[in-house]
Amino acid sequence: MEEETFDPELICSIFKLVWSRRATERNESIEVVDVEVGDRTKKNRQTTANSNALKLSCELIRIFVTEAVQRSGMIAEAEGINKIEPTHLERVLPQLLLDF
C-alpha cells in the first residue's frame, strides 16, 4: 500500500516560486538571456524539474515532516503533554536537520 505524499504539482509550484525569487534577488530575468560561451551563444532556459526529481522531493519532504512530528511527539510525551507545541519542534529541529 502506497502512503499518501505531497502533490508533485504543489512542490513544483513551490520550487518555481523560490527560483523566481532568487532570480529577482540577483536582478536576473526569468526570460531567455544570451550568455557568451566560447565562440557561440548559449541560451539560458527557464529552470525546470524532472518528474522523477519531483516525486523524490515529495517523498523526502513527507519523510522529513513525519520524522519531525514523531520526534516532537516523543518530546511532548516525555513532558506529559498530549499536544505538540512549537517549542517541541524547535528542540528537535537542530538534530533533525543534521540527520537529513
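Since we're looking at a predicted model, the values are computed, not measured. (Residues numbered from 1 in each chain as written. Predicted model: local features only at pLDDT ≥ 70, side-chain atom pairs only at ≥ 80, totals over all residues. Heavy atoms only, no water.)

Draft legend 1. Region of interest: the overall build of the protein chain. Broken down by element type, the protein chain carries 3 helices and 2 strands. Helices and strands in the protein chain line up, N terminus first, as α-β-β-α-α. Within the protein chain, the fraction of its 100 residues that count as buried is 14%. When contacts within the protein chain are restricted to residue pairs at least 6 apart in sequence, long-range pairs at least 24 apart make up 52% of them. Split by element, the accessible area of the protein chain, about 8500 Å² in all, is 53% carbon and sulfur. (Helix = DSSP H or I, 4+ residues; strand = E, 2+ residues; numbered from the N terminus. Buried < 20%, exposed > 50% of the residue type's maximum accessible area, 1.4 Å probe, protein only. Contact = heavy atoms within 4.5 Å. Areas by Shrake-Rupley, 256 points an atom, 1.4 Å probe, with all protein chains shown as cover.)

Draft legend 2. Layout of the environment of Thr 47. Here Thr 47 is to be found in the loop between strand S2 (40-44) and helix H2 (51-78). Separated by 28 residues in the primary sequence, Thr 47 and Trp 19 place their C-alpha atoms 7.5 Å from one another.

Draft legend 3. Expanded view of the pattern of salt bridges. Summed over all chains, the structure comprises 4 salt bridges. Of the charged contacts in the structure, one is a salt bridge between Asp 99 and Arg 71, with a shortest N-O distance of 2.7 Å. On the criterion of sequence distance, the pair formed by Asp 99 in helix H3 (residues 86-99) and Arg 71 in helix H2 is long-range, its members being 28 residues apart. The partly exposed category is assigned to Asp 99, whose relative accessible area is 44%. By relative accessible area, Arg 71 is classed as buried at 17%. (Salt bridge = Lys/Arg side-chain N within 4 Å of Asp/Glu carboxyl O.)

Everything listed is a geometric property; what it means functionally is a separate question.
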